[in-house]
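# Summary of structural features
As a plain string of letters, each chain reads:
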Amino acid sequence: MGVPQAMEALRKRAVLVGESLQKSQTITESMVSILGSFDHRLSALETAMRPTQIRTHSIRRAHENIDKTLKAAEAILSQFDLTRKAEAKILRGPHEDLESYLEAIDQLRSNIQFFTNHGSFKSSDGILSHANGLLAKAISKLEDEFRNLLTNYSKPVEPDRLFDGLPNSLRPSSATPGKQGDPGSKNHSENQKNLANAVYTPPTLIPPRVLPLLHDLAQQMVQAGHQQQLFRTYRDTRASVLEQSLRKLGVERLSKDDVQKMQWEVLEAKIGNWIHYMRIAVKLLFAGEKKICDQILDGIDSLRDQCFAEVTANSVAVLLSFGEAIARSKRSPEKLFVLLDMYEIMRELQSEIEYLFGSKSCTEMRESAQSLTKRLAQTAQETFVDFEEAVEKDATKTAVLDGTVHPLTSYVINYVKFLFDYQSTLKLLFQEFDDGDSGNPDADGDAQLTVITTRIMQALQTNLDGKSKQYKDPALTQLFMMNNIHYIVRSVRRSEAKDLLGDDWVQIHRRIVQQHANQYKRISWAKILQCLTIQGAAPPGGGGGLLGGGDSGSGVSRAMIKDRYKTFNAQFEDLHMRQSQWTVPDSELRESLRLAVAEVLLPAYRSPMIENGKNPGKYIKYRPEDLERMLSEFFEGKTWNEPKR
């Protein structure tokens, strides 16, 4: 195929393409024309449909508004229904079903809140007025119910129930109230140690099932703004019951004047009872009150502490006022141990008191208890000083005619021995006024107790020395001092006082006892022993007794021998008559003193006797065995027909 042919073919194809493009343009123009016509139609249709669309939208909005109105009406009707049901429950009162009654009050509050929030409702004001009036009546009934429920279940606790809460050692069956600090008690210190671990069980003051109801009632009253009504009702009811419980137990209000007028025996019993009452009040009654107050008023912090303080205030004041009256009354030695007992119970209860009365509302009661504790400690310390002075200045004229242990000595020693049963208490007492510089309270307490004991012992010895000078017979003076110092030493050795006073003190005073015994022997027996010895009268190599040989040529006349034996007999009989009426109460000391006398008397008496001469029995009246027998009657405290001297 040639070029022309190819050109011809291309031309034909170009013509065909041109024709095709022409057709496509024609079709495009036709489509544009058609589409333009369609758009015109749609615009016309839209214009025709717009009114319909507007009506449809309005209808839809109307339906939505109707639904909202129906729902609002339904909610309002529901609130009306709930209000009606709550009103019905409230009108029935809380007696039948308290829990349902409380739910009704909560519902009524909710309804009031609802209508308050929907104030645009035209009947809201009337509904709110009715609901608020109904709520006020409901709260009034609630107050009555709280008062009735609290009163009905608040009863005084009988003493037997309180005793059941005590440890066995403190119950009346095993320990009589008021005898806790009795000097005859088995072991005061041991009793205190046992009490430190004792378990106390507070009584159930209000049944547990009632407490939640009272709590709910209290909460409702607070929500209604009736805090003061709640406070007064709770305080008046519980305070009265608590005071009745204490009166049933035996607690009474006594003034300082009442205390001053009492006989000591009566007062001592009342102090013992007070100690018992303090334990019961703090560990049982006040602890029980704290527990129910915390439960009933849980979550009402503004009232809880104030209510407990007001409920217990008068009872605490009555108990502490008696302690203050004792602490401020006239001091006397016999009061020391009851003061220590009182101080002891206050220290024992200190942690409980700080816990129970730890709130700001209870500050006055807590500080009153602390003040009483310090006052008792101060009075006890002042009584120590009084006792020391009283011992030194004791001027009783009661004479101990037989030279035995003076009542003052036994009284003071028993006093000191009993004092050592209170060692732990005394250490606490000394710490009340100790500056604590040493850093060792126990060492300070021991040192102070040692000083006090030593001073009391010295005061006693000073007084005894003065009393011993009342005797006309100097031998009896020595016997009296020997007996009393020996009693002191023996008592110290057998008591805890020995650990504080020390071995040196004991040894020094044992030597003093021996010195008095030696003085007694010298004064009583030196003169009579001279009758058995005539110095220089015997020849060289002769006997050491009254006679050396036997005849009148020995240098001692028979008349002198008779006279000396006569004098010996008279003096010995006189000593026997008088000193058998004297007393050495300690058997070991008595025997040792007799033995000491016999050791100097009998050997002298057994020296060579008259072997020659006529009728020696006329002037040798006693055999050595007779003297030994008669010596065994010395210091027995016998009573003879003739008056004692």
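Residues numbered from 1 in each chain as written. Predicted model: local features only at pLDDT ≥ 70, side-chain atom pairs only at ≥ 80, totals over all residues. Heavy atoms only, no water.

## A short note on the overall build of the chain
Helix and strand content of the chain: 21 helices and zero strands. Relative to its 645 residues, the chain shows a buried fraction of 43%. In the chain, the share of contacts with a sequence separation of at least 24, taken over all contacts with a separation of at least 6, comes to 82%. Summing over all exposed atoms, the chain offers an accessible surface of approximately 34,800 Å²; the carbon and sulfur share of this is 51%. (Helix = DSSP H or I, 4+ residues; strand = E, 2+ residues; numbered from the N terminus. Buried < 20%, exposed > 50% of the residue type's maximum accessible area, 1.4 Å probe, protein only. Contact = heavy atoms within 4.5 Å. Areas by Shrake-Rupley, 256 points an atom, 1.4 Å probe, with all protein chains shown as cover.)

## Some points on the confidence of the model for the chain
For the chain, per-residue confidence averages 80 on the pLDDT scale, and residues scoring 70 or more make up 75% of the total. Long-range and interchain partners of residues 174–186, a stretch whose pLDDT sits below 50, account for 20 contacts in this model, where long-range means more than four residues apart. Counting interchain partners and residues more than four positions distant, the pLDDT-below-50 stretch residues 535–554 has 22 contacts. (pLDDT = per-residue confidence, 0-100.)

## Some remarks on the nonpolar core
Ranked by size, the top nonpolar core spans 147 residues in total, and within it Phe146, Trp274, Met346, Trp525 and Phe572 carry the most contacts. Per-element accounting of this core gives the leading share, 15 residues, to helix 9 (residues 264–296). The contact partners of phenylalanine 146, leaving out residues within four places of it in the chain, are Leu214, Leu217, Ala218, Met221, Leu230, Thr233, Tyr234 and Ile296. (Core = buried A, V, L, I, M, F, W, Y, C linked by side-chain atoms within 4.5 Å.)

## Quick notes on the pattern of salt bridges
The tally for this structure, following the rule as stated, stands at 28 salt bridges. Across the pair aspartate 294 and lysine 290 runs a salt bridge, and its minimum N-O distance is 4.0 Å. Taken together, the positions of aspartate 294 and lysine 290, both in helix 9 and four residues apart, correspond to about one turn of that helix. By relative accessible area, which is 25% here, aspartate 294 ends up partly exposed. Looking at lysine 290, the relative accessible area reads 13%, which means it is buried. Taking the shortest distance from any N to any O, the salt bridge between arginine 328 and glutamate 324 comes out at 3.1 Å. Of this pair, arginine 328 and glutamate 324 both sit in helix 10 (residues 301–328), separated by four residues, roughly a single helical turn. By relative accessible area, which is 43% here, arginine 328 ends up partly exposed. (Salt bridge = Lys/Arg side-chain N within 4 Å of Asp/Glu carboxyl O.)

## Things to note about a nonpolar patch on the surface
On the surface, Ile27, Met31, Ile34 and Leu35 cluster together to form a nonpolar patch covering roughly 410 Å² of accessible area. Locating isoleucine 34 in the fold gives a position in helix 1 (residues 3–92). Assessed through its relative accessible area of 52%, isoleucine 34 is described here as exposed. (Patch = residues over 30% accessible without salt bridge, like charges linked within 9 Å, V, L, I, M, F, W, Y side chains within 5 Å.)

## Topic: a positive patch on the surface
Residues Lys417, Arg493, Arg494 and Arg510 make up a contiguous surface patch of positive charge. When you line up the elements, arginine 510 lands in helix 18 (residues 497–530). (Lys, Arg positive; Asp, Glu negative; His and termini not counted. Charge placed at Lys NZ, Arg CZ, Asp CG, Glu CD.)

## As for helix 21 (residues 624–631)
Within helix 21, the full set of buried residues consists of Pro624, Asp626, Leu627, Met630 and Leu631. For helix 21, the buried positions fall inside an angular range of 160° around the axis, keeping them on one side. (Arc of directions from axis to C-beta.)

## Examining the packing of helix 20 (residues 587–605) against helix 21
Close contact between helix 20 and helix 21 brings their axes to 11 Å; oriented N to C, the two are set at 165°. Comparing their axes, helix 21 and helix 20 come out roughly antiparallel. Handedness of the crossing formed by helix 20 with helix 21: right-handed. Across the interface between the two elements, Arg594, Val597, Ala598, Leu601, Leu602 and Tyr605 from helix 20 touch Pro624, Leu627, Glu628 and Leu631 from helix 21. Across the contact of helix 20 with helix 21, the residue classes tally to eight nonpolar, no polar and two charged. (Axes fitted to C-alpha atoms, helices over the stretch in contact; angles between N-to-C directions. Parallel < 35°, antiparallel > 145°, perpendicular 65-115°, else oblique. Left-handed = near helix turned anticlockwise from the far one by under 90°. Nonpolar A, V, L, I, M, F, W, Y, C, P; charged D, E, K, R; others polar.)

## A closer look at the packing of helix 7 (residues 227–249) against helix 9
Across the interface, helix 7 lies against helix 9 with an axial gap of 12 Å and an inter-helix angle of 160°. As summarised for this structure, helix 7 and helix 9 are arranged roughly antiparallel, according to the angle between their axes. Our pair here, helix 7 against helix 9, has a crossing hand that is right-handed. The residues of helix 9 that touch helix 7, namely those facing Tyr234, Arg238, Leu242, Ser245, Leu246 and Leu249, are Tyr277, Ile280, Ala281, Leu285, Phe286, Glu289, Ile292, Cys293 and Ile296.

## As for unusual backbone geometry
Generally, phi is negative for residues other than glycine and the peptide bonds are trans, each holding for most cases. The backbone phi angle of phenylalanine 635 is positive, close to 65°, even though this residue is not glycine. Topologically, phenylalanine 635 is positioned in the segment after helix 21.

## Digging into the side chain of lysine 283
Along the chain, the position of lysine 283 falls in helix 9. Classification of lysine 283 as buried rests on a relative accessible area of 11%. Within the local environment of lysine 283, its side chain forms a polar contact with the side chain of glutamate 352, the two groups lying 2.5 Å apart. (Polar contact = N/O pair within 3.5 Å; in protein donor to acceptor, adjacent residues only side chain to side chain.)

## Examining the environment of alanine 218
As for its placement among the helices and strands, alanine 218 is situated in helix 6 (residues 211–223). Remark: the alpha-carbon pair of alanine 218 and phenylalanine 146, spanning 72 residues in sequence, is separated by 7.5 Å. Residue contacts for alanine 218: discarding those within four places in its chain leaves Phe146, Leu230, Ile296, Leu297 and Ile300.

## Here we look at the side chain of threonine 583
Mapped onto the secondary structure, threonine 583 falls in the loop between helix 19 (558–579) and helix 20. The contact partners of threonine 583, leaving out residues within four places of it in the chain, are Asp402, Gly403, Thr404, Leu479, Asn483, Phe635, Glu636 and Gly637.

## Quick notes on the state of the cysteines
Here a disulfide denotes a covalent bond joining the sulfur atom of one cysteine to the sulfur atom of another. Summed over the entire model, instances satisfying the criterion amount to zero disulfides. The thiol of cysteine 362 is not disulfide-bonded; the next cysteine sulfur, from cysteine 293, is found 9.1 Å away. When its relative accessible area of 1% is taken as the criterion, cysteine 362 is described as buried. (Disulfide = S-S within 2.5 Å.)

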